[in-house]
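Listed here are the chains, written in short residue letters.
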Amino acid sequence: MKIRSVKGNLCKIKDEVVVLGFFEGKKSLSKKVLEINSSMDSLIKKVISTGDFKGKYNQKKLLYAVKGITSKRILLAGLGKEKEFTLDKLRGVIAGCAQSVCNTGIKSFSVPVSFAEKMKKDTKDRVCAIVEGAVLGLYKFDQYKSKNKDSNNNEIKQITLVAETEKELKEVKREVKKAETVCEAVCLARDLVSSPGNTATPTYLANRAKSVARESRLACRIIDEKGAKKLKMGAFLSVAQGSDQPARFIVLEHKPRRAQSFKTVVIVGKAITFDSGGISLKPPENMQEMKTDMSGGAAAIAVLKACSKLDIPVHVVGLIPATENMPSGKAIKPGDVVKSMSGKTIEIISTDAEGRLILADALTYSKRFKPDAVIDMATLTGACIIALGNDVSAIMGNSNEIIDKIKASSEKTGEKVWPLPLWEEYGELIKSDIADLKNVGGRAAGTITAGYFLKEFAGDLPWVHIDIAGTAWTNKDKPYVPKGASGVCVRLLVNMLENWK
Ligand code: BES
Ligand code: ZN
Ligand code: ZN
């Protein structure tokens, strides 16, 4: 799909569809829409006065053969109440328009940059939201479907953003390019997460990381099990030992090319390519969804790709411990004690609490980069879904500064986060009788005790953990996240790194 930007008059755009927004309950049309309205014999006003189109959020009306304009159709899109309109609603409404155009079998459409113009957001944010809404809303994962002629192969080939002035056009072009790069990264994360576990093994992820590195000028190092043994990554290897698939510890590195001095930020992503639970086997219902237990790792690879493509002036390191979690005669068992890379010993209570084990060694490994910040993303606990549901990720850590940065980016990207506390009382719950720590603290505060476990390994690193168990995958369509992998945290962390000071 091509996204182009042009300068021009909306009435003279030759395209299949021009999309126009309208706020609910507005007596007057916005300046731009009014102009078009008058050149098309007040058709928009007429449609509104019939009461057929009220501008309710996501309401749509397709108008044909409209006099006075050169586009074949106009798609009126309801924006809802102006007071309630946000950037995220803009993404959603554009996604809805793109999907409805696509489902009609139409191949292209145009959107004015002034779409929803009364919203007090600058052009940059608006253009970015329009591109994200369209690209992310039209995302499909169909690599595993055999092509068949009867199937609905509708695909949008071109989207045109229509700017008003030369000056605006320049800004729009720059922003479109950037937004496309970020969306490409989100789609990479979605593809990796959606890929079945028999394809997306640790070796596969490592190979994909290598090819991403080659294309995007990232440094890449793959540590195999022998290397991990040398590094004494005992917690990581204890999870891997039950699987026939060899584990891989992926290291990606973006060194800024423009900036002279820069901070170092390490991004850690949990990549359990399939989480069966191990000997503490999971119940069979929905176990297939545990192919998504590498969503943190996929997001980390995607963030690094975007950082390099955008040449973000921060030294960003991605650490992705990748392994399956399987039961076997060689697998770790409840009651086993393992020694982590940090030297801390861990009593295994449940082999299903494996994410924190592989992250523990990744956090220890991160210390060699002397980072200014470490952020980990993980589908870590089912309890996170109980606490916050499927639209909000949990954040916790030892650095309010980083938490504030994440919150600020979250406001921009629409990926909701909510903080949980890591008070010392929670630490009591993961004290072991025979080892330094145990990997499960009981049912109470399951997301926090998992976070506290990580905190013990972060030590004095400025660190934040994001639990994406509820947000990485969706079983129902969301406005610009079709059913399936969401690619959560990619836009969030790219935005945070872009604005890092
Ligand atoms: N990968 C799961 C967490 C998860 C659950 C992610 C549902 C996405 C959706 C994790 O490894 C796990 O199994 N956690 C256990 C921890 C428990 C044994 C303390 C859990 O949440 O049940
Ligand atoms: Zn598990
Ligand atoms: Zn897991």
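Criteria and cut-off values
Residues numbered from 1 in each chain as written. Chains lettered and ligands numbered in written order. Predicted model: local features only at pLDDT ≥ 70, side-chain atom pairs only at ≥ 80, totals over all residues. Heavy atoms only, no water. Domains from an automatic or database assignment. Contact = heavy atoms within 4.5 Å. Buried area = accessible area lost by both parts, 1.4 Å probe. Salt bridge = Lys/Arg side-chain N within 4 Å of Asp/Glu carboxyl O. Polar contact = N/O pair within 3.5 Å; in protein donor to acceptor, adjacent residues only side chain to side chain. Helix = DSSP H or I, 4+ residues; strand = E, 2+ residues; numbered from the N terminus. Nonpolar A, V, L, I, M, F, W, Y, C, P; charged D, E, K, R; others polar. Buried < 20%, exposed > 50% of the residue type's maximum accessible area, 1.4 Å probe, protein only. Near = heavy atom within 4 Å. Areas by Shrake-Rupley, 256 points an atom, 1.4 Å probe, with all protein chains shown as cover. Donors = N, O, S within 2.8 Å, 3.2 Å for Na, K, Ca; no water. Tetrahedral: all angles 85-135°; square planar, octahedral: opposite > 155°, others 65-115°.

Novice: Before we move on, could you go through the domain arrangement of the protein and cite the residues and values that matter?
Specialist: Domains assigned within the protein are domain 1 (2-138) and domain 2 (183-498). When each unit is reduced to the centre of its C-alpha atoms, the spacing between domain 1 and domain 2 is 39 Å. Facing 13 residues of domain 1, the contacting portion of domain 2 comprises 11 residues. Both sides of the domain 1 and domain 2 interface together cover about 990 Å² of buried area, and 60% of this is carbon and sulfur. If you sort the residues of domain 1 by the area they bury against domain 2, Asp 88, Arg 91 and Leu 136 come out on top, with a joint share of 52%. Here Arg 491 and Glu 132 are joined by a salt bridge, their closest N and O atoms 3.0 Å apart. Scanning the region where domain 1 abuts domain 2 turns up 6 residue pairs in polar contact (both at pLDDT 80 or more). Counting residues per element, the ones that place at least two in the side of domain 1 that touches domain 2 are helix H3 (87-103) and helix H4 (123-137). No other element matches H4, which puts 7 residues into the side of domain 1 that touches domain 2. Looking at side-chain class alone, the side of domain 1 that touches domain 2 contains 5 nonpolar, 4 polar and 4 charged residues.

Novice: Summarise the pattern of salt bridges; cite the residues concerned and give the values.
Specialist: Evaluation of the coordinates by the stated rule reveals 22 salt bridges. Lys 178 is the salt-bridge partner of Glu 175, the closest N and O atoms lying 3.7 Å from each other. Within this pair, Glu 175 and its partner Lys 178 are both found in helix H5 (residues 166-194), separated by 3 residues, close to a single helical turn. The residue Glu 354 makes a salt bridge to Lys 270 at a minimum N-O spacing of 3.1 Å. Pair noted here: Glu 354 is in the loop between strand E13 (345-347) and helix H10 (355-366) and Lys 270 is in the loop between strand E9 (264-269) and strand E10 (271-275), with a separation of 84 residues, a long-range link. Taking relative accessible area as the criterion, Glu 354 reaches 1% and is therefore assigned buried. Connected through shared salt-bridge partners, Asp 88, Arg 91, Glu 132 and Arg 491 make up one network.

Novice: Can you tell me about the site of ligand 1, naming the residues and giving the values?
Specialist: Near ligand 1 lie 16 residues; those nearest to it are Asp 275, Lys 282, Asp 293, Asp 352 and Gly 382. Side-chain polar atom of Asp 275 to an oxygen atom of ligand 1: 2.9 Å apart, as the coordinates give it. When ligand 1 sits alone it has 510 Å² of accessible area, and the protein chains cover 77% of it. Considering only residue class, the shell around ligand 1 consists of 5 nonpolar, 4 polar and 7 charged.

Novice: An account of the coordination of the zinc ion (ligand 3) is needed here, citing residue identities and associated values.
Specialist: Protein-derived coordination of the zinc ion (ligand 3) comes from Lys 270 (NZ), Asp 275 (OD), Asp 293 (OD) and Glu 354 (OE), at a distance range of 2.0 to 2.4 Å. Around the zinc ion (ligand 3) sit 6 donor atoms; with metal-centred angles ranging over 78 to 174°, the donor geometry is octahedral. For the pair the zinc ion (ligand 3) and the zinc ion (ligand 2), the metal-to-metal distance amounts to 3.2 Å, and Asp 275 bridges them. Here Asp 275 is found in strand E10, whereas its partner Glu 354 is found in the loop between E13 and H10, with 79 residues between them in sequence. Under the relative-accessibility criterion, Asp 275 is labelled buried at 3%.

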